[in-house]
Amino acid sequence: MENAATRLAEVRSNIARVCKPARRKPEDVTLIAVSKTHSPEAIQPLIDAGQRVFGENRVQEAQGKWPALQEAHPDIELHLIGQLQSNKAEEAVALFDYIHGLDRPSLLTALAKAMDKAGRQVPCFVQVNIGDEPQKGGCPISDLPAFLAAVRSADIPLAGLMCIPPADTEAAPFFAFLAKLAADNGVTGLSMGMSGDYETAVMLGATHVRVGTALFGHRG
Ligand SMILES: *Cc1c(COP(=O)(O)O)cnc(C)c1O
């Protein structure tokens, strides 16, 4: 049976393998281990294997399990990868080191206020609705330049762009499009790629991949 350390080594070696033809350095790709729904007991073996960057998609769930793990391992870096409600901005700013779901002016205002109050600047990825899906979060593509200008003038550290491509279709064109939007807008970070497509994302320039199932197995 595969354990967490084996799976971590596999994912890391897959990233290194695709970096080669893409002429990229593996250390320029941050692997975010997405631990949502998994218990501290399931997370610990990955920490023991050296993983230090983790992602959660719910503020409340993360508040329940991460403070104790962070106390034991102060070098852990925690990313909020899911949608964020404005009324949770203060809690998110207090707990997370990066926030990936910045996608609308009301949330920008709430985050700027929360960071100001906490005296803590949390770098944010602007999520782009890359497939123009009405039911999905993310800044509309046509609004992106104006929204990025608002983020920059709000003095929030801009970590990059983030996307979740439409399900059940080839992700590569959407990753390539996000990379182009980033280049066009002078943004360097790219949070894209999950268990099924992180290698493709790395070939197309991802600086952050968000991998859950390939590291933890299926969520219960
Ligand atoms: C759950 C989740 C992931 C990880 O998905 P896997 O397919 O399990 O790797 C990545 N990004 C976001 C935004 C998620 O919610």
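Refer to the structure above for everything that follows.
Right, let's walk through the structure included here. Nothing here was measured: the structure is a model prediction, and the numbers come from that model.

### Side note on the pattern of salt bridges
Point 1. Counted under the stated rule, the structure contains nine salt bridges.
Point 2. Salt-bridge contacts for Lys117 lead to Glu90; the nearest nitrogen and oxygen are separated by 3.2 Å. Within this pair, whereas Lys117 is found in helix α5 (residues 105-118), its partner Glu90 is found in helix α4 (residues 89-95), the two being separated by 27 residues in sequence.
Point 3. Classification of Lys117 as exposed rests on a relative accessible area of 65%.
Point 4. One salt bridge in this structure joins Glu133 and Lys136, with 3.0 Å as the shortest N-O distance.
Point 5. Take Glu133: its relative accessible area is 13%, and that puts it in the buried class.
Point 6. On the basis of relative accessible area, Lys136 is assigned to the partly exposed category, the value being 25%.
Point 7. Here the salt bridges share partners, and the residues they tie into one network are Glu56, Glu61 and Lys65.

### Thoughts on the site of the ligand
Point 1. Contacts to the ligand come from Val34, Lys36, Ile81, Ile164, Met194, Ser195, Arg210, Val211, Gly212, Thr213 and Arg219.
Point 2. A distance of 2.9 Å separates a nitrogen atom of the ligand from a polar side-chain atom of Arg210.
Point 3. For the ligand, an oxygen atom lies 2.8 Å from a polar atom in the backbone of Gly212.
Point 4. Most atoms of the ligand, that is more than half of them, are within 2 Å of grid points of the largest pocket.
Point 5. For the shell around the ligand, the per-class residue count stands at five nonpolar, three polar and three charged.

### Looking at the nonpolar core
Point 1. The biggest cluster of nonpolar side chains holds 66 residues, and the ones touching the most others in it are Phe54, Ile99, Leu111, Leu161 and Val209.
Point 2. Excluding its chain neighbours within four sequence positions, the residues that come into contact with Leu161 are Phe125, Val126, Val128, Leu144, Leu148, Leu178, Leu181, Ala182, Val187, Gly189, Leu190 and Ser191.

Reading the values: the criteria
- Residues numbered from 1 in each chain as written.
- Predicted model: local features only at pLDDT ≥ 70, side-chain atom pairs only at ≥ 80, totals over all residues.
- Heavy atoms only, no water.
- Salt bridge = Lys/Arg side-chain N within 4 Å of Asp/Glu carboxyl O.
- Helix = DSSP H or I, 4+ residues; strand = E, 2+ residues; numbered from the N terminus.
- Buried < 20%, exposed > 50% of the residue type's maximum accessible area, 1.4 Å probe, protein only.
- Near = heavy atom within 4 Å.
- Polar contact = N/O pair within 3.5 Å; in protein donor to acceptor, adjacent residues only side chain to side chain.
- 1 Å grid on protein atoms, 1.4 Å probe; cavity = no way out; pocket = protein on both sides within 12 Å on 5 of 7 lines; lining within 4 Å.
- Sits in = over half its atoms within 2 Å of the grid points.
- Nonpolar A, V, L, I, M, F, W, Y, C, P; charged D, E, K, R; others polar.
- Core = buried A, V, L, I, M, F, W, Y, C linked by side-chain atoms within 4.5 Å.
- Contact = heavy atoms within 4.5 Å.

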